[in-house]
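Structure assessment
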Amino acid sequence: MSFQFIRDDLSNQKALSRFRTVTTAASLTSGTISIDGKEYINFSSNDYLGLNNHPAIIKALNEGAEKYGVSASASNLVTGNNYAHQALEETVAAWLNKQRVLLFTSGFAANQAVMQSLGKKESVILMDKLSHASMIDGALASEATVKRFLHNDYQQASVLANKYTDKDLLVASEAVFSMDGDTSDAREIASIAKAHQGLSFLDEAHSIGVFGDEGQGSSNQDIDIVMATLGKAIATSGAFVACNEELYQYFVNFARHYIYSTAMSPAVAWATKKSIEIIQQESWRRARIKSLSSMFRALLDDSVELLPTSSAIHAINVQQEDKALAISEQLKAKGIWLTAIRPPTVAKGTSRLRVTICANHNDNNIKYLAKCLNEVLV
Ligand SMILES: *Cc1c(COP(=O)(O)O)cnc(C)c1O
């Protein structure tokens with residue numbers, strides 16, 4: 001029988017407690033999720049600033065749809081680029097203090113576009129071991145030599161860079177690591193790249209909106225290429241790449257995910273511009289994540305180990321897949337939605353509970369979460 005691997009892989013996945021199913025939520029409102037008629041406090045959302053469903057963003061979405069259209073109806077290079085896109089690009093460029101910005105329909109596509117267009121035969125892509133699947137897949141699908149350095153080990157990254165002095169070097173990492181919540185050092189990444197006349201790349205998926213005085217993310221001005229998704233703290237969908245004029249021109253001409261894909265919905269672009277304005281003005285949302293996070297840490301039993309973090313992501317490593325799943329089920333029975341994260345999303349033996357604390361959680365939500373975690377973990 002053909003495609004026997006389909007059946008084999010699925011049954012293997014079940015045997016390993018790695019089988020995944022899609023859960024459909026009836027609604028997602030401020031800090032909660034409603035599934036099969038039951039409401040849960042949601043600690044698995046990436047809506048870090050609590051902006052999903054914000055009335056001003058919904059209003060901008062409607063206004064954008066009426067003025068500029070629901071669909072772009074073409075790629076940016078054909079006729080898909082309109083005023084809503086241009087306005088968003090300019091807003092992001094000013095926010096991050098970068099010359100130019102390109103929009104993509106997803107962060108996954110944006111990362112692939114950057115890695116594949118810069119990953120030529122003469123390139124070496126050095127990447128943190130914990131980088132997102134979209135960065136890894138993009139790099140591996142390119143013509144470049146790809147080397148992954150140990151997590152946040154810039155010593156090792158430098159040693160690797162020194163082996164390829166005759167190559168074009170791209171040093172890539174994430175600002176906040178999605179499954180651990182810890183941060184990279186943008187200055188180190190930029191300086192390794194600079195020492196080899198190379199380029200530096202930072203994925204700000206989990207830091208955009210959350211880090212920086214105006215939520216502009218963590219990267220300092222030395223980073224050459226910044227990617228951020230719009231579907232997390234910014235609470236719309238799509239992604240951007242910010243860079244200098246020359247790189248912008250290169251991506252416009254050679255990034256296949258940009259050239260051969262329908263432009264982002266103009267309505268979404270218009271809503272995103274509004275969301276960024278709110279993010280710049282409302283620093284209390286960032287402060288709230290910090291204060292709720294300190295409260296959470298303080299309330300957890302000393303025996304519960306949180307990975308160190310300054311982000312909204314708090315990971316508790318429970319190691320085995322089945323244990324992570326069982327805890328997730330126990331919490332569900334108590335009205336808490338906390339998805340178990342298992343391989344291959346994380347390394348074998350590091351299955352975890354990934355708690356995200358959002359600006360729209362209230363004190364009682366956090367107290368209740370800590371109490372329930374103490375009950376099931378201690
Ligand atoms: C979510 C995520 C992406 C992908 O972004 P989408 O817009 O969801 O496709 C890329 N990188 C990291 C680190 C992410 O967490």
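Notes on the structure in this doc start here. Everything numeric here is computed off the predicted structure, so don't read it as measured data. (Residues numbered from 1 in each chain as written. Predicted model: local features only at pLDDT ≥ 70, side-chain atom pairs only at ≥ 80, totals over all residues. Heavy atoms only, no water.)

1. Quick word on the packing of aromatic side chains
A full pass over the atoms with the stated rule returns 8 aromatic pairs. Between Phe104 and Tyr258, the aromatic rings sit 5.7 Å apart at their centres with planes inclined by 65°, giving edge-to-face as the arrangement. With Phe104 in strand E4 (residues 100–104) and Tyr258 in helix H10 (residues 256–259), the pair connects residues that are 154 residues apart, well separated along the chain. According to the relative accessible area criterion, Phe104 is buried, its value standing at 4%. Residue classification places Tyr258 among the buried positions, given a relative accessible area of 5%. Positioned above the aromatic ring of Trp270, the side-chain terminus of Lys273 is 5.2 Å from the ring centre. Sitting over the ring of Phe211, Lys290 keeps its end group 5.9 Å from the ring centre. (Phe/Tyr/Trp six-rings, centres within 6.5 Å; stacked < 30°, edge-to-face > 60°. Helix = DSSP H or I, 4+ residues; strand = E, 2+ residues; numbered from the N terminus. Buried < 20%, exposed > 50% of the residue type's maximum accessible area, 1.4 Å probe, protein only. Lys NZ or Arg CZ within 6 Å of the ring centre and 35° of its normal.)

2. Observations concerning the pattern of salt bridges
Per the counting criterion, the structure on display carries 11 salt bridges. For Glu321, the salt bridge goes to Arg18, with nearest N and O atoms at 2.8 Å. With Glu321 in helix H13 (residues 321–333) and Arg18 in the loop between helix H1 (4–15) and strand E1 (27–29), this pair connects stretches of sequence that are 303 residues apart. Of the charged contacts in the structure, one is a salt bridge between Arg100 and Glu245, with a shortest N-O distance of 3.1 Å. (Salt bridge = Lys/Arg side-chain N within 4 Å of Asp/Glu carboxyl O.)

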